[in-house]
Every structure is written in C-alpha cells, then in structure tokens.
Amino acid sequence: MKKQFKLGVIGYNLITQTIIKGAVLSDFLHERKIVVGNCPESSLKVLDELGVLSVNDLKYVAENSEYLIIGVKAQDFENLAKSIGAVRPSKIICVSDGLKKNDIKTLLSASSAKVARALANLPSAIGSGVVAVDMSDFNSSYDDIEFISNLFDCIGTIVSVDESKLSAVCGLSVNGVAYALMFIDSLIDAGVKQGLKKSEAKMIAAQTLLGSAEMVSEEKSVSELTVLACKNSGTALEGVKILEDNKFMEIIGNAVESGVKKLNELDKK
C-alpha cells in the first residue's frame, strides 16, 4: 500500500533539519511529501517556511511514511516505541549514534525492517558535509539505495561503509570538524598576535585550510604536498619542526582514537 508521505521524521534536531532543508531546497523531494513529528515550537517557523507538515502524533508519522528517519537519542528509543504503538516501520534511516541496526529493530519490535544508519558532520548544514552510511539492509533494492543515496547527496559527500566502521568515520569526520575548527582558531589567534586584524586573520586562515583541503584531492599524497608547502616557504619548515617536536600528529591521533573508543562503548551498551 502506497504511503501518503515519502519521508517521515521523528526526532527533530540539527541533522534532521539539515536533511529536510537539503531535500526540499534541492528539489529532491516536494515539501508535501515530508512529515515531521513533535517538532519543537522554536523550530516550527523553519518548517512553515519550507512548507513541511508538522504533527504531534508520532504514530501517524510512522504509519504514513515510506521511509522513517529517526533522530532521537538512544535512551529515548523505548519511549518512541511506546509512542508509535503497534506500527512496525519497514524502512528506517537512523541518524543517531549509540544503537546498532539490530538494537533498533529489537527496540521497535520490527525484526523484518530494513535499517540504514547514517552519521553526518556539521558542514552538512551548508551542503559540504561528509555522510557515512551503512545501507547494506537495502542491497536487494536498487530503488531504496538510490533514494537514500540521493537524499544524503543533498547535504554532502556520501561514504558507504559497513556498520562496523561507522565509529571510525565518526571519529574522523564528525569529531574532526571540532579539531579542524580549533586549528583554524589557533591560526587566527596567532595572526592577531603578529599584527593582523581579526577579520583579516580569519579570512586568511579559513581560505588557507580550504585551499589545502582542495589540494588533497589531487593525485599527490599529503606528505608530498607538505614537502611542496615547505619548499614554497623557506620558513614553513621551522614551524613544522615545532609541530613535530610537540607530537602534533600523535595528539590528533589520540583525539580521534578517544572519540572512536567512546562511540564503540556506546554501541556496546
């Protein structure tokens, strides 16, 4: 039986809002094909401007949507199950961490459901994100794979991975945004200390990181590009030595590892 809505959303937050906006503004989905359950009053204006329907009945959302995006926290899944009652969603896209696919099926008493798990980072909000997705439950259906892929294409670059690698991707991309921003902030502060206006230092630091990231997509390795950068500026090597002496790369590695460890702990609970 054909559902009234193509996409239902339960658990309205920054990432689900990003997905909705991306889908509507890119014309991937008509706004009337999306329904959101229990949207906070403070966010209703965003949905109204997009023309997306918001209802308070989560059971209605689950029952009338072909694909159900779930963004609630892991600890709230039991309450979600109670709210949707006897409804058994058949196609679920979970964008929360802390629960594996089998856990989601068990908590929602939907053993026959197909579940995709996706983790998106903050730049997804401007269409420049990285979205790691496990869609293996849907491998038998080209239409489902195409829909999920196109949905996340609206907000960034998709990396299709096995569920076992989601924590690693999250440690690198989701958490890595914070590390990258801290580095940019450090460059800004350093520029100001050297006599630049903050606005000047901010623009220079941001563009430097943006240009460096774009160069990484070229054929040369990152280490080769680092050598070129040092050759381009005779003084860069002095700074690189300071970073190496202070174990800069080891510190980043430890930060990523700590995030992955925490995510793996959550997945095991």
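Everything below is about the structure printed above this text.
Predicted model only: the values in this text are computed from it and were never measured.

Visitor: How would you explain unusual backbone geometry if you had to name every residue and give the values?
Guide: Even without being glycine, D27 reaches a positive phi, approximately 65°. With respect to the helices and strands, D27 occurs in the loop between helix 1 (14–25) and strand 2 (34–37). On the basis of relative accessibility, which here comes to 67%, the residue D27 falls in the exposed class. Of note in the backbone geometry, N38 takes a positive phi value of approximately 55° without being a glycine.

Visitor: Now, about a nonpolar patch on the surface: what can you tell me, with residues and values included?
Guide: A cluster of nonpolar side chains, F183, L187, L243, F248, M249 and I252, forms an exposed patch at the surface whose accessible area comes to about 510 Å². When residues of the nonpolar patch are assigned to their parent elements, the largest contribution, three residues, is made by helix 12 (residues 248–268). When you line up the elements, F248 lands in helix 12. The exposure class of F248 is partly exposed, given its relative accessible area of 30%.

Visitor: Break down the pairing of strand 1 (residues 5–10) for me, citing the residues and quoting the values.
Guide: With respect to burial, strand 1 is a largely interior element, five of its six residues being buried. Of the strand pairs in this sheet, strand 1 and strand 4 (residues 65–70) are connected by five bridges, and their pairing is parallel. Counterpart to L7 in the pairing with strand 4 is Y67. Sheet analysis places strand 1 next to strand 2, joined by four bridges and oriented parallel. Each bridged residue has a counterpart across the sheet, and for V9 the counterpart in strand 2 is V36. With helix 1 bridging strand 1 and the parallel strand 2, this β-α-β connection has right-handed handedness.

Visitor: I'd like a rundown of helix 6 (residues 142–153), residues and numbers included.
Guide: In this model, helix 6 (12 residues) spans 16 Å end to end at C-alpha, consistent with the 16 Å of a helix rising 1.5 Å per residue. Those residues of helix 6 that fall on the buried side of the exposure criterion are D144, F147, I148, S149, L151 and F152.

Cut-off values and rules
- Residues numbered from 1 in each chain as written.
- Predicted model: local features only at pLDDT ≥ 70, side-chain atom pairs only at ≥ 80, totals over all residues.
- Heavy atoms only, no water.
- Helix = DSSP H or I, 4+ residues; strand = E, 2+ residues; numbered from the N terminus.
- Buried < 20%, exposed > 50% of the residue type's maximum accessible area, 1.4 Å probe, protein only.
- Patch = residues over 30% accessible without salt bridge, like charges linked within 9 Å, V, L, I, M, F, W, Y side chains within 5 Å.
- Areas by Shrake-Rupley, 256 points an atom, 1.4 Å probe, with all protein chains shown as cover.
- Salt bridge = Lys/Arg side-chain N within 4 Å of Asp/Glu carboxyl O.
- Pairing = 2+ DSSP bridges.
- Right-handed = clockwise from strand over helix to strand, strands pointing away.
- Expected span 1.5 Å × (residues − 1).

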